[in-house]
Amino acid sequence: MTHVLGIRENLRPFLQQLLQVFFVGLTIGLQRTVIPALAESEFGVAAGSMSALFAFVVSFGVVKGAMNFVSGRISERVGRRRVLIWGWIAALPIPVLILWAPSWGWIVAANILLGVNQGFCWSMTVTAKMDIVRAEQRGLATGFNEFAGYGGVALAGLVTGYLASFFDPRTSLFLFGLAVIVIALAAAHLAFTETLPFARAEAARHRSGQATGPRPRYAAAPEAPSAGQVFALVTWRSRTFQALAQAGCVEKFVDALMWALVPVFLISRGATLIEIGWVTGIYGFVWGGSQLWTGPLSDRVGRKGPSVAGFFLCAGGVAAFPLFDSLAAWGVAAAVTGVGMALLYPTLIAAMSDIAHPSWRGSALGVYRFWRDLGYAVGALAMGLIADASGALEAGFWFTALAMAGSGLWLWLAMEETHPRLNPAPETEPTHA
C-alpha cells in the first residue's frame with residue numbers, strides 16, 4: 001500500500017471519520033439543553049448554586065483533557081481505531097446513569113464517562129483525518145470534522161429539548177443516548193479504517209528527504225520524543241505552540257458558558273426548554289456550518305488571521321448576551337458567537353498539525369487538546385465562583401468576553417504563521433526533527 005495522502009484519494013475513511021464525529025457530537029449534545037435547565041427541579045441542585053451546577057462541566061473538562069493526552073500517546077502505539085472503540089465502550093453506562101440518577105452526583109459521574117468518551121473518540125477522528133490529508137487540506141479537513149461534530153451537538157440539543165417538552169425528560173435522554181452510542185460502537189467496529197500506517201509512511205518520507213511540496217516549519221524535537229518532551233514542547237518550549245495551547249484553553253470558556261450558563265440565564269429570563277434549544281442550537285449550527293468555509297479559508301489566507309479574528313468576534317457575541325432581552329436578539333448573539341468559534345476552532349487544530357512532525361503529531365494534538373478541553377473545567381469553575389460571589393449570572397458573560405479578548409491578543413502577538421505554503425522553512429533548515 002502506497003499510503004497516498006488526500007481527501008479524494010481516501011474518501012471512504014474520510015467519510016467513516018465524519019460519521020463517527022457526528023455520533024460523538026450527538027452524545028455530548030444530549031446534555032446541552034435539558035440537564036442544565038432542569039438541574040434544580042429534576043436532579044436536586046440547590047437553588048442558585050452555580051458552583052454546584054457547573055461541577056458537571058468541570059468534571060467533564062478535567063477528564064476529557066487528560067484523556068486527550070492519553071489517547072493521543074496510546075494511539076501512536078495501538079492505532080486510532082482501537083482507541084475509538086474503547087471510547088464508545090466507556091460511554092455505554094451514560095444513558096443509564098441519567099435515567100436512574102437520584103442526585104446531581106450521578107450526573108457528574110456520567111460526565112466523567114462522557115469525558116473519557118470524548119477524549120478518546122473525538123480525538124481519534126481529528127488525528128485520523130490529519131493522517132490521511134495533505135498539508136494544504138488540513139483546514140478543509142478540520143472544518144468538515146468540526147462541522148459534523150458540532151452539527152451533531154446542535155441537533156441533539158434541539159431534538160432533546162423537544163422530546164423533554166412532550167415526554168418524560170429522563171426517558172427521552174436515555175433512549176436517545178443509548179441508540180446513538182450502540183450504533184456508533186457498531187460502526188466503529190465494522191467500518192473505521194486504521195490510519196496510523198499513513199502517519200508512519202509520511203514520517204518516513206520526511207526522514208528520507210522524499211517529501212514534496214512546501215517545507216513545513218516543524219518544531220525542533222528529538223526524532224522519537226517522549227511524552228514528557230512533547231508536553232513541554234507544546235506547553236512552554238515553543239512560543240507558537242504555547243500561544244496555540246493557551247488559545248485552545250480559553251476558547252473553551254465560550255462552550256462552557258453556552259453549555260451550562262446560557263440555559264440557566266435564559267430560564268431566569270422566562271425562556272422555555274424549546275426556546276433554549278433553539279438559542280443553543282443556533283450557536284451550534286452556525287458554528288458547525290460555518291466551518292465548511294472557515295476551514296478552507298485558513299488553507300488560503302493562513303491560520304493566524306482567522307484565529308485572531310475569531311477570538312474578538314466571540315468576545316463581542318458573548319458580551320452582547322446579557323444586554324438583550326428577547327429570543328431573536330439572543331439568537332443573533334448566539335450566531336455571532338458561532339461564527340467566531342468557526343473562525344478559530346478548526347484553524348487552531350490545523351495550525352498545530354502544520355508544525356507537529358508526523359512521527360509525534362498524535363501526541364502533540366493530544367497535548368493541545370489536553371489544554372484546550374481543560375478550558376471547560378477552568379472556565380466553568382471560574383464562572384461558577386464569579387456568579388456565586390457576585391450574585392449575578394451576567395458576571396460570567398463579562399468574564400468570558402474579557403478572557404477571549406485577552407487570549408486573542410496573546411495569539412496575535414506570539415503566534416508565527418504556520419501554513420507551510422505561506423511561511424515555509426528555509427532551505428537550510430531541516431524539515432524533520
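What you see is a predicted model, and the numbers here were worked out from it, not measured in a lab.

Visitor: Got a minute to help me understand the overall build of the chain in this structure?
Guide: Along its length, the chain carries 17 helices and zero strands. Over its C-alpha atoms the chain spans a radius of gyration of 21 Å, differing by no more than 12% from the 22 Å that the globule rule assigns to 433 residues. In terms of its C-alpha atoms, the chain occupies a principal-axis envelope of roughly 65 × 45 × 35 Å. In the chain, buried positions account for 62% of the 433 residues.

Visitor: Would you explain the side chain of Gln 118 in this entry?
Guide: Within the secondary structure layout, Gln 118 lies in helix 7 (residues 104-132). Residue Gln 118 is classed as buried on the basis of its relative accessible area, which comes to 0%. For Gln 118, the side chain forms a polar contact with the side chain of Asn 117, separated by 3.0 Å. Excluding residues that lie within four positions of it along the chain, Gln 118 makes contacts with Val 24, Thr 27, Ile 28, Phe 60, Lys 64, Asn 68, Ser 123 and Arg 369.

Visitor: Sorry if this is basic, but what is going on with the nonpolar core here?
Guide: Most often, soluble globular proteins keep nonpolar side chains buried together rather than apart. In this structure, Phe 56, Trp 88, Trp 104, Phe 241, Phe 321, Trp 360 and Leu 411 are the most contacted members of the largest nonpolar core, which totals 131 residues. With 18 residues, the single largest contributor to this core is helix 12 (residues 239-268). The contact partners of Trp 88, leaving out residues within four places of it in the chain, are Gln 20, Phe 23, Val 24, Thr 27, Asn 117, Cys 121, Ile 181, Ala 184, Leu 185 and Ala 188.

Visitor: What is the right way to look at the packing of aromatic side chains in this model?
Guide: The geometry of an aromatic ring pair is captured by the separation of the ring centres together with the interplanar angle, meaning the angle of the planes. Scanning the entire structure with this criterion turns up 22 aromatic pairs. Between Trp 122 and Tyr 150 the ring centres are 4.8 Å apart and the planes differ by 45 degrees, which places this aromatic pair in the tilted class. Highlighted residues: Trp 122 in helix 7 and Tyr 150 in helix 8 (residues 138-166), separated in sequence by 28 residues. We note that Trp 122, like Tyr 150, is buried. Ring geometry for Phe 321 and Phe 397: centres 5.7 Å apart, planes at 25 degrees, overall stacked. Of this pair, Phe 321 sits in the loop between helix 14 (304-320) and helix 15 (327-355) while Phe 397 sits in helix 17 (residues 394-414); the two residues are 76 residues apart in sequence, bridging distant segments of the chain. Phe 321 sits in the buried class, given a relative accessible area of 0%. Taken together, the ring pairs in this structure connect Phe 56, Phe 60, Trp 104, Trp 259 and Tyr 376 into an aromatic cluster. Cation over ring: Lys 129 sits above Phe 14, and NZ or CZ is 5.4 Å from the ring centre.

Visitor: Just to check I follow, could you spell out empty space enclosed by the protein for this structure?
Guide: Once rolled over the atoms, a probe with the size of a water molecule shows which space is left empty. Counted under the stated rule, the structure contains one cavity of 30 Å³ or more. Its volume calculated, the largest cavity comes out at about 90 Å³. When residues of the lining of the largest cavity are traced back to their parent elements, those giving at least two are helix 8, helix 12 and helix 13 (273-301). With four residues, the top contributor of residues to the lining of the largest cavity is helix 13. Looking at the lining of the largest cavity residue by residue, the classes come out as five nonpolar, four polar and one charged.

What counts and how
Residues numbered from 1 in each chain as written. Predicted model: local features only at pLDDT ≥ 70, side-chain atom pairs only at ≥ 80, totals over all residues. Heavy atoms only, no water. Helix = DSSP H or I, 4+ residues; strand = E, 2+ residues; numbered from the N terminus. Rg over C-alpha atoms; globule rule 2.2 N^0.38 Å. Buried < 20%, exposed > 50% of the residue type's maximum accessible area, 1.4 Å probe, protein only. Polar contact = N/O pair within 3.5 Å; in protein donor to acceptor, adjacent residues only side chain to side chain. Contact = heavy atoms within 4.5 Å. Core = buried A, V, L, I, M, F, W, Y, C linked by side-chain atoms within 4.5 Å. Phe/Tyr/Trp six-rings, centres within 6.5 Å; stacked < 30°, edge-to-face > 60°. Lys NZ or Arg CZ within 6 Å of the ring centre and 35° of its normal. 1 Å grid on protein atoms, 1.4 Å probe; cavity = no way out; pocket = protein on both sides within 12 Å on 5 of 7 lines; lining within 4 Å. Points joined across faces, edges and corners; volume = space filled by probe spheres on them. Nonpolar A, V, L, I, M, F, W, Y, C, P; charged D, E, K, R; others polar.

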